[in-house]
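What the coordinates show
The chain contents come next:
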Amino acid sequence: MPITSNTIKNDPNRSGNMGTSAPRRTFRTGNSTITLREGETLKGVVSDVHGNEITISLDDGTSFTGHLPEASMYSIGQKAAFLITSLENGTIYMKAMSSAYLLGMEDTIEQALEEAGLPKSPRNLDIVRSLLENKQSISRESINTFMQLCSRYPNADVGNVITMYRLGFPMDEASVTQFDTYQNQQHQLLYRMNSLTESLADLLSDLSKENVSVARYAAGELLSTALTSTPSLEEFQLAAKETMEQQLAESTADADLSETTGQSEHTAPLETPEQSTQSENLTEETPLSRMRQLFSNITEKVNTSLGGPNISEESSFLHEQTGYLLDSSSREQLADLFSQFTDAEKMLDKLRSGEATSREVLGALHTALPELPEHLVRELFSHPALPKLIKGQFLSNWTLSPEGLKENNSVNVLYHKISSQLDDLMHLGQMFATRSSGESAVNTTADMQQNLQFMKVLNQQFNYMQLPLKLSSENAHGDLYVMTKKETLRKSKDNLKVLLHLEMDNLGPLDIHITKERTDITTKFYVAKEDALRLLEKNVNLLKDALNEQGYSFHSEFSERKKEIDLVHDFIETEAPVGNITRYNFDLRA
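As a starting point, this report considers the structure included with it. Residue numbers restart at each chain and count upward from 1, following the sequence in its written direction. The model is predicted, so local features are restricted to residues of pLDDT at least 70 and side-chain atom pairs to those at 80 or more, both for listing and for counting; the totals for chains, interfaces and linings are taken over all residues. For the side-chain quantities, the full set of heavy atoms in the structure was used; hydrogens and water were omitted.

Quick look at unusual backbone geometry now. If you check the backbone angles, Gln185 has positive phi at about 60° while not being a glycine. In this fold, Gln185 is placed in the loop between α5 (173-183) and α6 (189-210). Numbering goes from the N terminus for both helices and strands, where a helix is a DSSP run of H or I of at least four residues and a strand is a run of E of at least two.

Pasting the structure below:
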């Protein structure tokens, strides 16, 4: 309900008893009501100040917001008293009482604890401070209630516990822990993927030293999990390229070069009608997926440029190829080991050249594993090259390239794959949890599972996903936040507001705010590194040209990145109240 002030002045001569015979009137505030009469004094805590709007929280937990021209004189957390001078036309007219009642936040916190008869311990002070910041009552009952709530999660930030309660999030030990990691910008799945794959490699190495039979079984289970997933788009493209090259080589054996060239141009079966339809379906995009693709491409280009002369030969290989994962010496050594149990000369030659994929090499190992002699098992699992291939295969399974993002339902498929494989890895890790490497694998797997589940919870609040990205020179973490305003949605479904957050070793943290209104697209790049800013400015025309080709007009701005993203205040609270947050549904069931 509105609050309007006529000349707010401190007036110690007002007794607060005028108009005691005036009729009482009921006002609705949020989901509750408040009954007032002229002459009464309202005492409470200032819980929010925004421009000329001020929110007062009363001792009984009721709060109301209204217009107050002098609102800027108050600070959040101050206790204040207002005399009701008039109730007209649904508006409460008030003026401030004695300034002696105005207290700063810290004074208010201490006074609240004193009145509740509670010690001023650091944790108690934090709880009351968080109650004020979350616009909650700081009555004795409220403080005691939230102290009990916070005591259930002794290792969690009390502010996050109270915020989760206020937002209505489901609360248990796992969800509170994940909320902490998201708030503190420590939620990146990509980094946990690295830790998990390293723990699994350590586990195989430990087992091979202790008991070869057990190591053989564990390796078989691990490789089955890694290899049963659908090959990535890049693996399909590699296979298609090899098939085409083989067909071309066969067709040139008995034909004139010029005729062969003509035939390959006009009759080579590069794509069947069915494949053509599938290709069209894969590239059929919404404006959002198009922007996501384009921004991934430009950041990939800039990230590669920032690598400069230090980029190694690996950049010429795809992530799935052994040339990306291993140097030439390691490939040669591993090929010599594999030659002891396989006569697949083509695969061995491709391993040496770096063209073989990790799936091809690990598949050959998986097939031969039951019959491998013990000494070779030990030698293989103690060689540093094999863990790198296993890690590379899992990371290929769990990341998406910019091109892969264009596929229909690609993010759903990705998370379903990750969830299913984590279930298998949890089962494997639990079998060997008495070892430190096994315990580490179990803990990291559980954390990743909880992270995925919490991401699903976040989707009940707003449209959000993590994007583990596979760029040319490295894997990169991405966060994608999508907000669709309710008012805009009514007019056109083609209006979007997006934030893409990327973290890359060379580029550093990068926030890209995207606003799309019909055919107009505006982007604001917030960059942390000056050299990254220069390269983005230099390469942004690539993005502009690509969007212009799609019929969009494009504008861009560049600014210095000054703060981290605040999950709650920047999105859940800032965007949700003024818009309709559409969900990005992804299935986490195995």
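Within the fold, Arg216 resides in helix α7 (residues 212-227). Although Arg216 is buried, it makes no salt bridge; Glu374 carries the closest opposite charge, 5.2 Å away. What qualifies as a polar contact is a pair of N or O atoms within 3.5 Å, subject to a donor-acceptor requirement within protein and to the restriction that residues adjacent in sequence count only when both atoms come from side chains. Within polar-contact distance, the side chain of Arg216 engages the backbone oxygen of Leu369 at 2.9 Å. By definition, residues are in contact when any of their heavy atoms lie within 4.5 Å. Leave out the neighbours within four places in its chain, and Arg216 touches Leu369, Pro370, Glu371, Leu372, Glu374 and Val377. Buried, partly exposed and exposed residues are distinguished by accessible area as a fraction of the type maximum, computed with a 1.4 Å probe on protein chains only: under 20%, between the cut-offs, and over 50%, respectively. Charged-residue counts in this description rest on Lys and Arg as positive and Asp and Glu as negative, His and the chain ends being excluded. Every case where a carboxyl oxygen of Asp or Glu lies within 4 Å of a side-chain nitrogen of Lys or Arg is listed as a salt bridge.

Summed over the entire model, instances satisfying the criterion amount to 17 salt bridges. A salt bridge links Asp126 to Arg129, with the shortest nitrogen-to-oxygen separation between them at 2.8 Å. Residue Asp126 and its partner Arg129 are located together in helix α2 (residues 122-133), separated by three residues, close to a single helical turn. Across the salt bridge formed by Glu530 and Arg534, the nearest N and O atoms sit 3.5 Å from each other. With Glu530 and Arg534 both in helix α21 (residues 530-549) and four residues apart, this pair spans about one turn of that helix. Look at Glu530 and you get exposed, because its relative accessible area is 60%.

Looking now at the nonpolar core. In this description, a nonpolar core means a group of buried Ala, Val, Leu, Ile, Met, Phe, Trp, Tyr and Cys residues linked to one another through side-chain atoms lying within 4.5 Å. In this structure, Phe169, Leu334, Phe338, Leu365, Leu372, Leu380 and Trp398 are the most contacted members of the largest nonpolar core, which totals 126 residues. With residues near it in sequence (within four places) discarded, Trp398 still touches Met193, Leu196, Thr197, Leu414, Ile418, Gln421, Leu422, Leu425, Met448 and Pro468. Judged by nonpolar contacts, the second largest core, of 18 residues, contains Ile34, Ile56, Tyr74 and Met94.

Counting buried positions along strand β5 (residues 53-58) yields five of six residues, so the element is predominantly enclosed. With six bridges joining them, strand β4 (residues 41-50) and β5 adopt antiparallel strand pairing. If you follow Val45 over to β5, its bridge partner there is Ser57. DSSP calls a pair of strands paired once it identifies at least 2 bridges connecting them. A loop of two residues connects β4 with β5, the two strands running antiparallel in sequence, and Gly51 in this loop sits at a positive phi of about 60°.

Two rings from Phe, Tyr or Trp (for Trp, the six-membered ring) form a pair when their centres are within 6.5 Å of each other. A pair whose planes differ by under 30 degrees is stacked, one over 60 is edge-to-face, and the rest are tilted. Applying the stated criterion across every chain yields a total of ten aromatic pairs. Between the aromatic rings of Phe179 and Phe454, the centroid separation amounts to 6.1 Å while the plane-to-plane angle is 85°, which identifies the pairing as edge-to-face. One end of the pair, Phe179, is in helix α5; the other, Phe454, is in helix α19 (residues 436-458), and 275 residues separate them in sequence. The buried category is assigned to Phe179, whose relative accessible area is 0%. Classification of Phe454 by relative accessible area gives buried; the value is 2%. With a centroid separation of 5.2 Å and 45° between ring planes, the pair formed by Phe394 and Trp398 is classed as tilted. This pair shows no difference in class: Phe394 is buried, exactly as Trp398 is. In textbook terms, an aromatic cluster arises when at least three aromatic residues are bridged by ring pairs, as seen for Phe169, Phe179, Tyr182, Phe454, Tyr464 and Tyr481.

As a further point, take the environment of Val442. Structurally, the position occupied by Val442 is in helix α19. Along the primary structure Val442 and Leu425 are separated by 17 residues, whereas in three dimensions their C-alpha atoms are 8.0 Å apart. Each residue touching Val442, except ones within four places of it in the same chain, is listed here: Met426, Gly429, Gln430 and Ala433.

Moving on, we get to empty space enclosed by the protein. Every definition here rests on a 1 Å grid over the protein atoms only: cavities are sets of points where a 1.4 Å probe fits but cannot get out, pockets are open sets enclosed by protein on both sides within 12 Å along at least five of seven lines, and lining residues have some atom within 4 Å of a point. Grid points are joined across faces, edges and corners, and a volume is the space filled by probe spheres set on the points. Considering all chains together, one arrives at one cavity of 30 Å³ or more under this definition. Taken as a whole, the largest cavity spans an internal volume of roughly 40 Å³. Looking at the largest cavity, the residues that line it are Val45, Ser57, Leu58, Asp59, Leu132, Gln136, Ser137, Ile138 and Ser139. Throughout this entry, Asp, Glu, Lys and Arg are counted as charged residues, while Ala, Val, Leu, Ile, Met, Phe, Trp, Tyr, Cys and Pro are counted as nonpolar. The remaining residues, Gly among them, count as polar. When its residues are assigned to classes, the lining of the largest cavity shows four nonpolar, four polar and one charged.

Where β4 and strand β7 (residues 79-88) come together, five bridges link them in antiparallel fashion. Bridge pairing links Val45 to Lys79 in β7.

With eight of its ten residues buried, helix α4 (residues 158-167) lies for the most part within the structure. For α4, the full list of buried residues reads Val158, Gly159, Asn160, Val161, Ile162, Thr163, Met164 and Leu167. Contacts from the buried residues of α4 go to α2, α3 (140-151), α5, α19 and α22 (567-572). Between a side-chain oxygen at the N-terminus of α4 and the backbone nitrogen of Gly159 the separation is 2.8 Å; the capping residue is Asp157. Of the residues trailing α4, Gly168 is marked for its positive phi of about 80°.

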